[in-house]
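# Inside the fold
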Amino acid sequence: MYQVDTIAAIATGMTDSGIGIIRISGKDSVDVGNSLFCTPSGNHILKNVDSHTLHYGFIVDKLPQEPCVWKDYIIDEVMIVVMKAPRSYTGEDTVEIQCHGGVLVMQKILSAVLDAGVRLAEPGEFSKRAFLNGRMDLSRAEAVMDLIHSQNEYALQSSVSQLKGNLSEKVRDLREQIIYEVAFIESSLDDPEHISLEGYSERLYEKLTAICSIIEKMTGSFENGKLIKEGINTVIVGKPNAGKSSLLNTLVGEERAIVTDIAGTTRDILQETIRLHGISLNITDTAGIRNTDDIVEKLGVEKALEHIKSADLVLFVIDTSVELDENDKAVISMLSDKKVIVLLNKSDLSMVADEKSLKSIIPDNAGIIRTSTVDNKGIDELEEAIKNMFFQGQLRSSNELVITNIRHKEALQETYQSLKLVLNSIEAAMPEDFYSIDLMNAYASLGRIMGEEVDDDLVDEIFSKFCMGK
Ligand SMILES: Nc1nc2c(ncn2[C@@H]2O[C@H](COP(=O)(O)OP(=O)(O)OP(=O)(O)O)[C@@H](O)[C@H]2O)c(=O)[nH]1
Ligand SMILES: [Mg+2]
């Protein structure tokens with residue numbers, strides 16, 4: 001057991017709310033809870049209660065000498081719960097005080113706890129203790145954080161799946177397969193009379209190829225995983241007056257951007273995040289792209305072009321109520337290698353843009369949707385198209401293993417490299433004892449996902465990104 005001092009923090013949000021929780025963890029937590037908590041009859045009972053029981057009473061500041069005046073020292077009416085080691089989140093003795101959720105009252109209780117000799121916890125320190133005490137592996141601790149920060153349904157699902165241990169289980173299974181081979185090679189080298197390596201290389205080759213393709217699939221899910229977690233960076237572009245800002249407003253569901261019939265209304269970029277079918281879109285509205293002498297507008301156009309470069313998705317808005325012109329073509333020339341959906345906007349008006357010449361200039365792989373921001377036409381299709389374009393409707397099952405963490409992806413890539421080296425050695429007909437080092441490296445890389453042999457600095461860095469009180 002990782003032995004350290006006793007820590008405390010406010011575990012709930014720092015805004016006035018119904019209930020607030022102050023969490024204390026460490027060997028002195030029950031003593032501290034005992035000294036601060038009184039039952040309605042004024043008794044300090046916490047030291048003698050069973051673990052995992054909840055008690056009603058009061059938190060009393062600066063324990064008075066004469067017991068009869070204790071009521072004058074009440075800070076709040078609370079429920080208090082004791083969870084003895086090791087059956088607690090941190091694996092240590094833990095006391096949680098459930099008080100009224102006013103910021104001031106929570107702070108007063110926390111001060112009383114700290115005055116009793118407890119140290120204020122660092123961000124993520126409870127979870128770090130849970131990890132160091134073996135209550136959960138590192139990938140699950142990371143899932144806790146991802147879950148708290150989930151911005152959309154899919155991000156939530158994937159962190160719950162990771163928290164349930166789906167990733168850890170898969171990694172453990174792969175490790176077991178790898179260590180079995182190491183053990184087999186070692187024992188056959190020790191005892192060649194009884195354990196034969198005849199035909200072994202071929203069998204190993206087949207097995208490692210299968211493991212490599214599983215790992216490839218896992219690392220391949222990272223692109224989607226990142227989009228799930230962070231949202232799809234989407235930029236709306238088109239010539240002035242095409243209806244870009246109107247589209248942003250329609251998607252956001254409120255009048256965020258200024259819309260006028262004057263070409264060149266939007267000058268600066270405007271960003272909003274929306275949730276759509278369970279995923280997040282980080283949408284940027286940009287200045288209409290055209291050749292202009294207006295300095296401010298010119299800067300806006302430059303920014304628009306920059307945003308195209310870094311976007312995951314480009315929504316290219318065309319005003320079909322007017323002829324296509326050089327400005328439309330200028331936008332199109334920027335879109336090679338991009339995921340693009342072309343919106344034939346103002347479809348409520350009669351179509352002037354020539355559809356044939358339009359199709360001839362649009363990128364081949366682009367989706368095309370007729371829209372009108374006046375009567376919301378095409379908006380559902382657009383949402384569906386985005387989902388299909390990025391996730392091919394795959395993300396239905398909450399058990400699907402999606403890698404969302406770059407640390408995990410890198411560890412998987414290292415595993416893959418080590419396994420490839422073994423495959424190379426087999427192809428080069430190297431003797432079996434050559435395989436062990438690379439197999440062990442693959443084993444170690446996988447272990448790092450769960451926090452084995454990761455150095456202290458990395459552990460500190462991971463947990464420092466957690467919230468206060470978690
Ligand atoms: N009839 C019709 N008018 C639209 C539609 N979408 C936008 N408009 C009108 O087109 C004009 C320009 O709309 P904006 O959304 O400001 O266009 P924009 O592309 O942001 O223009 P800039 O910011 O100047 O680049 C406004 O008068 C809108 O009301 C549409 O689908 N149908
Ligand atoms: Mg605009």
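Residues numbered from 1 in each chain as written. Chains lettered and ligands numbered in written order. Predicted model: local features only at pLDDT ≥ 70, side-chain atom pairs only at ≥ 80, totals over all residues.

With that settled, consider the packing of helix α7 (residues 200-220) against helix α14 (residues 406-427). It is at 10 Å that the axes of α7 and α14 come closest, and there the two elements cross at 155 degrees. As judged from the angle between their axes, α7 and α14 are roughly antiparallel. The handedness of the crossing between α7 and α14 is left-handed. On α14, the residues that touch S201, L204, Y205, L208, T209, I211, C212, I215, E216, M218 and T219 of α7 are K409, L412, Q413, T415, Y416, L419, K420, V422, L423 and I426. When its residues are assigned to classes, the contact of α7 with α14 shows 13 nonpolar, 5 polar and 3 charged. (Axes fitted to C-alpha atoms, helices over the stretch in contact; angles between N-to-C directions. Helix = DSSP H or I, 4+ residues; strand = E, 2+ residues; numbered from the N terminus. Parallel < 35°, antiparallel > 145°, perpendicular 65-115°, else oblique. Left-handed = near helix turned anticlockwise from the far one by under 90°. Contact = placed C-beta atoms within 7 Å. Nonpolar A, V, L, I, M, F, W, Y, C, P; charged D, E, K, R; others polar.)

Turning our eyes to something else, we now look at the sheet that holds strand β3 (residues 37-38). Adjacent strands of a sheet pair through backbone hydrogen bonds, lying either parallel or antiparallel. Spatially, β3-β4-β5-β6-β2-β1-β7 is the arrangement adopted by the 7 strands of the open sheet, whose pairing is mixed. This sheet does not close on itself; its edge strands, each paired only once, are β3 and β7 (119-120). When strand β5 (residues 74-83) meets strand β6 (residues 94-101), the two strands line up antiparallel, connected through 5 bridges. Its bridge partner being in β6, V81 is matched across the sheet by E96. (Pairing = 2+ DSSP bridges.)

Another point: the site of ligand 1. Not every one of the 24 residues close to ligand 1 is listed here, only the nearest: G243, S245, S246, T266 and G288. Element by element, the count of residues in the shell around ligand 1 is highest for helix α9 (residues 244-252), at 3 residues. Taken together, the residues of the shell around ligand 1 break down into 7 nonpolar, 13 polar and 4 charged. (Near = placed C-beta within 6 Å.)

So, on to unusual backbone geometry. Peptide bonds are, in most cases, trans, and in most cases residues other than glycine have a negative phi. Of note, the bond from A85 into P86 is cis; its omega dihedral lies within 30 degrees of zero at 0 degrees. Although it is not a glycine, N376 sits at a positive phi angle of roughly 60 degrees. Within the element layout of this structure, N376 appears in the loop between β13 (367-370) and α13 (379-391).

The subject of this paragraph is the sheet that holds β13. The sheet built from 6 strands is open, its strands ordered β9-β10-β8-β11-β12-β13 with mixed pairing. Of all the strands in the sheet, just β9 (270-276) and β13 have a single pairing partner and so form its edges. Averaged over all pairs of adjacent strands, the angle between strand axes in this sheet comes to 25 degrees, irrespective of strand direction. Taken together, the 4 bridges between strand β12 (residues 340-345) and β13 define a ladder with parallel strand orientation. Pairing of L343 across the sheet is with I369, part of β13. Each of β8 (232-237), β10 (279-285) and β11 (313-319) touches helix α10 (residues 295-310); the most contacted strand, β8, lies at about 145 degrees to it.

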